[in-house]
Amino acid sequence: MPKDILSISGRPGLFKVVSHSKNMLIVESLLDGKRIPAYTRDRIVALSDISMFTYSDDIPLYDVMQKMFEFENGAVASVAAKASEKELRDYFEKVLPDYDKERVHATDIKKLIQWYNLHVEKGLTDFVEAEEKPAEE
């Protein structure tokens, strides 16, 4: 699972951490490869810290992306991110049948599809970590 992939509020796409200092990060856009500074005042969220609401438990975003990857057989999403709300919800129900229909909005599904497609296009498809192995002495 890529732990250094970030979303920055107000900026399109996703970013990969290149370097960091005391009060900023240098990030590289996955869309165009440009490097920019991201400061502590920016709303920065690691994708590994995001989860989706379900009726039973919250599921980490990368687990949902893994389900999408398996559903799509490794291809980009079969529904466009700009599809109608009904199409988005119908698609997402096939991927994650237990998702909370009241708390997960169509815009959340839209953003998830965009992020998933970007991951697949860039070859970042190792969504779930291998089981933690005990440290060898």
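What you are looking at is a predicted structure, and each value in this text was computed from that prediction instead of being measured.

The next subject is the packing of helix H2 (residues 85–95) against helix H3 (residues 106–121). When two helices pack together, you describe them by how their axes are tilted relative to each other and by the distance separating the axes. Between H2 and H3, the least distance of the axes is 10 Å, while the angle of their chain directions is 65 degrees. By the angle between their axes, H2 is roughly perpendicular relative to H3. Viewed along their axes, H2 and H3 form a crossing whose handedness is left-handed. Facing H2, whose interface residues are Glu 85, Leu 88, Arg 89, Tyr 91 and Phe 92, H3 presents Ala 106, Ile 109, Lys 110, Leu 112 and Ile 113. Of the residues contributing to the contact of H2 with H3, the split by class is seven nonpolar, no polar and three charged.

With that out of the way, let us pick up the packing of aromatic side chains. Under the counting rule described, the total for this entry stands at five aromatic pairs. Measuring from centroid to centroid gives 5.8 Å for Phe 69 and Phe 127, while their planes differ by 70 degrees, and the two rings are edge-to-face. Of the two residues, Phe 69 is situated in helix H1 (residues 61–71) and Phe 127 in the segment after H3; the sequence distance between them amounts to 58 residues. Note on Phe 127: relative accessible area 0%, which makes it buried.

Rules used throughout
- Residues numbered from 1 in each chain as written.
- Predicted model: local features only at pLDDT ≥ 70, side-chain atom pairs only at ≥ 80, totals over all residues.
- Heavy atoms only, no water.
- Axes fitted to C-alpha atoms, helices over the stretch in contact; angles between N-to-C directions.
- Helix = DSSP H or I, 4+ residues; strand = E, 2+ residues; numbered from the N terminus.
- Parallel < 35°, antiparallel > 145°, perpendicular 65-115°, else oblique.
- Left-handed = near helix turned anticlockwise from the far one by under 90°.
- Contact = heavy atoms within 4.5 Å.
- Nonpolar A, V, L, I, M, F, W, Y, C, P; charged D, E, K, R; others polar.
- Phe/Tyr/Trp six-rings, centres within 6.5 Å; stacked < 30°, edge-to-face > 60°.
- Buried < 20%, exposed > 50% of the residue type's maximum accessible area, 1.4 Å probe, protein only.

Keep in mind these values describe shape, not function.
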